[in-house]
Amino acid sequence: MVRHKSRYLLCEVCVTDRSSLQLLESRTLYGALKAAVIRAHGDYGAALYNIGVAVKYLNAHTGVVLIRSRKNYYRLLWSALPFITYLENRGQRVQCFFNCLHVGGTIRTCQKFLVKYNKQQLHRMLLDCRTDAEKQEIRRSILRCSLTTVREEEADEDESDDESDEDSVKESEKVVLDVCSS
């Protein structure tokens, strides 16, 4: 059996109204990605899209999306992201664009990058705080989001090698929600 190498695109869905992120679903995102790839690359893109693209993780609270693609064709998918201008779900259109934050070879590298990225975002938010209570809450969040939680998860995963990709995505969701809880 041949192992297919993958690339993971860690993207952020940017919208004007954060409450509209609650409407997002992974199959809606999958359909929008497929339409964008077909629009940009035609039948060739559609064939490659059907081979190995999957939306592995979608956090509707933060707008973070993890997309898996085959290693040889991830640039095709990456180049089609700017063609997505809206997502339609449940009869509502959400104007948006995608910001590709990181391209990694494993879900773990994307998790580590996401922790660092969220920590940087918290430091930026700290500068915009107006009251001391807000500053204290963000400082507590910064202290909570350290790579020690990721290292602890690595140690747990080393003990059980039969863990699937979805389980590790669920573990990272806990880290991301802890970081973004402020």
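Before any of the text, the structure's been laid out above.
The model shown is predicted, which means the values in this text are computed figures rather than measured ones.

Asks: Explanation requested: the pattern of salt bridges in the structure shown.
Replies: Close approach of charged atoms allows side chains of opposite charge to pair. For the coordinates displayed, the defined rule picks out three salt bridges. In this structure, Arg-90 and Glu-25 form a salt bridge, with 3.0 Å as the shortest nitrogen-oxygen distance. With a gap of 65 residues between them, Arg-90 in the loop between strand S4 (86–89) and strand S5 (92–104) and Glu-25 in the loop between strand S1 (6–15) and helix H1 (26–52) connect regions that are remote in the sequence. The salt bridge involving Arg-93 is made with Glu-88; its shortest N-O contact spans 3.6 Å. Overall, Arg-93 belongs to the exposed group, its relative accessible area being 52%.

Asks: Explanation requested: the pairing of S5 in the structure shown.
Replies: Both faces of the sheet carry side chains from a regular strand, because those side chains alternate between them. Taken together, the eight bridges between S1 and S5 define a ladder with antiparallel strand orientation. Note that in S5 the partner of Val-13 across the bridge is Phe-98. Linking S4 to S5, which pair antiparallel, is a turn of two residues; within it Arg-90 sits at a positive phi near 55°.

Asks: Would you take a moment to explain the pairing of S1 for this structure?
Replies: In terms of burial, S1 is largely enclosed, as nine of its 10 residues are buried. In this structure, S1 lies alongside strand S3 (residues 64–70), joined through seven bridges in antiparallel fashion. By the bridge assignment for S3, Leu-10 is matched with Leu-66.

Asks: Please explain the packing of aromatic side chains as it appears in this structure.
Replies: Two aromatic rings, taken as a pair, are described by how far apart their centres are and by the angle between their planes. What the rule picks out here adds up to three aromatic pairs. For the ring pair Tyr-74 and Trp-78, a centre distance of 6.1 Å and an interplane angle of 25° mean the geometry is stacked. Taken together, the residues Tyr-74 and Trp-78, both in helix H2 (residues 74–80) and four residues apart, mark about one turn of the helix. Classification of Trp-78 by relative accessible area gives partly exposed; the value is 38%. Arranged with centres 6.2 Å apart and planes meeting at 20°, the rings of Phe-113 and Tyr-117 form a pair that is stacked.

Asks: Just checking my understanding: could you explain helix H3 (residues 107–128) for this structure?
Replies: Residues that lie three or four places apart on an α-helix share one face, since the helix turns once every 3.6 residues. The end-to-end C-alpha separation of H3 is 32 Å, in line with the 32 Å expected for 22 residues at 1.5 Å each. Within H3 the residues assigned to the buried category are Ile-107, Arg-108, Cys-110, Gln-111, Leu-114, Val-115, Tyr-117, Asn-118, Leu-122 and Leu-126.

Asks: Sorry if this is basic, but what is going on with the sheet that holds S5 here?
Replies: The pairing of strands in a sheet comes from backbone hydrogen bonds and takes either a parallel or an antiparallel form. Spatially, the five strands line up as an open sheet ordered S2-S3-S1-S5-S4, and their pairing is antiparallel. If you trace the sheet from one side to the other, it starts and ends with strand S2 (54–59) and S4, each paired once. Each neighbouring strand pair of the sheet contributes to a mean axis angle of 35°, computed without reference to strand direction. H1 rests against S2, S3, S4 and S5 of the sheet, and its axis sits at about 150° to S2. Running over the sheet, H3 touches S1, S3 and S5 and is turned about 105° from S5.

What counts, and at which threshold
Residues numbered from 1 in each chain as written. Predicted model: local features only at pLDDT ≥ 70, side-chain atom pairs only at ≥ 80, totals over all residues. Heavy atoms only, no water. Salt bridge = Lys/Arg side-chain N within 4 Å of Asp/Glu carboxyl O. Helix = DSSP H or I, 4+ residues; strand = E, 2+ residues; numbered from the N terminus. Buried < 20%, exposed > 50% of the residue type's maximum accessible area, 1.4 Å probe, protein only. Pairing = 2+ DSSP bridges. Phe/Tyr/Trp six-rings, centres within 6.5 Å; stacked < 30°, edge-to-face > 60°. Expected span 1.5 Å × (residues − 1). Axes fitted to C-alpha atoms, helices over the stretch in contact; angles between N-to-C directions. Contact = heavy atoms within 4.5 Å.

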